[in-house]
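# Analysis of the macromolecular model
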Amino acid sequence: MDTHTRLHETISALADGELAASELELAFAALDTPSGRQAWDAYRHIGDVLRSEQYCHALSAHFDARMASRLAAEPSPEGTAHVEPLPPLVPPGVAEPLAQR
């Protein structure tokens, strides 16, 4: 992994509150650069949008089943093991379809 990618992953973990205490010094050094500050702003903005009620949308009914079906139809890279599908993200009948804008 290159240094740029590593620093961005460190900043992302800091923004998510998941950074190990042993990596704080690296994160603060990364934030002391223009690229680091730009990454911080981007990750904070992403987090704000994900947590916002204004941009929160329920997945349409059976979204997870349709997604799993499409993923299952994709060819898998050679040498990878078969993975069992995950349980549904949203119980059937709970989510409403997204409103058309």
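Numbers given to residues run from 1 along each chain, matching the order in which its sequence is written. A pLDDT threshold of at least 70 governs which residues receive local features in this predicted model, and a stricter bar of 80 or more applies before side-chain atom pairs are shown or counted, although totals over entire chains, interfaces and linings include all residues. Working from all heavy atoms in the structure, the side-chain values ignore hydrogens and water.

## Here we look at the side chain of His8
To be explicit about the condition: Secondary structure elements are taken from DSSP: a helix is a run of H or I of four residues or more, a strand is a run of E of two residues or more, and numbering for both begins at the N terminus. For this analysis, residues touch if any pair of their heavy atoms sits within 4.5 Å.
Structurally, the position occupied by His8 is in helix α1 (residues 3-15). In this structure, His8 is in contact with Ser35, Ala39 and Tyr43, ignoring residues within four places of it in sequence.

## Thoughts on the packing of α1 against helix α3 (residues 34-51)
Put simply, the test is: For helices, the fitted line uses only the C-alpha atoms of the stretch in contact; every axis is such a line through C-alpha atoms, and the angle between N-to-C directions lies from 0 to 180 degrees. Here the word oblique covers every angle except those under 35 degrees (roughly parallel), over 145 (roughly antiparallel) and from 65 to 115 (roughly perpendicular). Crossings are classed by handedness, with left-handed meaning an anticlockwise turn of the near helix from the far one by less than a right angle and right-handed meaning a clockwise turn. Residues are sorted three ways: Asp, Glu, Lys and Arg are charged, Ala, Val, Leu, Ile, Met, Phe, Trp, Tyr, Cys and Pro are nonpolar, and all the rest, Gly among them, are polar.
Between α1 and α3, the shortest axis-to-axis distance is 9 Å and the interhelical angle comes to 45°. Here α3 runs oblique to α1, going by the angle between their axes. As α1 packs across α3, the resulting crossing turns out to be right-handed. Between α1, through His4, His8, Ile11, Ser12, Leu14 and Ala15, and α3, the contact on the second element is made entirely by Ser35, Gly36, Ala39, Trp40, Tyr43 and Arg44. Its residues assigned to classes, the contact of α1 with α3 comprises 6 nonpolar, 5 polar and 1 charged.

## Examining the environment of Thr10
Cut-off, in case you're wondering: Relative accessible area decides the class of each residue, using a 1.4 Å probe on protein chains only: under 20% of the type maximum gives buried, over 50% gives exposed, and in between gives partly exposed. Polar contact criterion, stated in full: a pair of N or O atoms within 3.5 Å, where within protein one must be able to donate a hydrogen and the other to accept it, and residues adjacent in sequence count only if both atoms are side-chain atoms.
The residue Thr10 is located in helix α1 in this model. For Thr10, a relative accessible area of 1% translates into the label buried. Taking C-alpha positions, Thr10 is 8.4 Å from Ala30, a pair spaced 20 residues apart along the chain. With residues near it in sequence (within four places) discarded, Thr10 still touches Leu19, Glu23, Leu26 and Ala27. Among the polar contacts made by the side chain of Thr10, one reaches the main-chain carbonyl oxygen of Arg6 at a distance of 2.9 Å.

## Some details on the pattern of salt bridges
Operational definition: In the sections that follow, a salt bridge refers to a side-chain nitrogen of Lys or Arg positioned within 4 Å of a carboxyl oxygen of Asp or Glu.
All told, the structure shown has 2 salt bridges when counted by the stated rule. Among the ionic pairs, Arg6 bridges to Glu23, the shortest N-O distance being 2.7 Å. Placement of Arg6 in helix α1 and of Glu23 in the loop between α1 and α2 (24-31) is noted, with a sequence separation of 17 residues between them. Between Arg51 and Asp48 there is a salt bridge whose closest N-O contact spans 3.3 Å. With Arg51 and Asp48 both in helix α3 and 3 residues apart, the pair spans about one turn of that helix. According to the relative accessible area criterion, Arg51 is exposed, its value standing at 54%. Accessibility expressed as a relative area gives 42% for Asp48, which makes it partly exposed.

## A closer look at the confidence of the model for the protein
Selection rule: Per-residue confidence from the prediction method is given by pLDDT, with values spanning 0 to 100.
Taken as a whole, the protein shows an average pLDDT of 79; of its residues, 76% reach a score of 70 or greater. Mean pLDDT across the elements of the protein bottoms out in helix α4 (residues 63-73) (87) and peaks in α2 (91).

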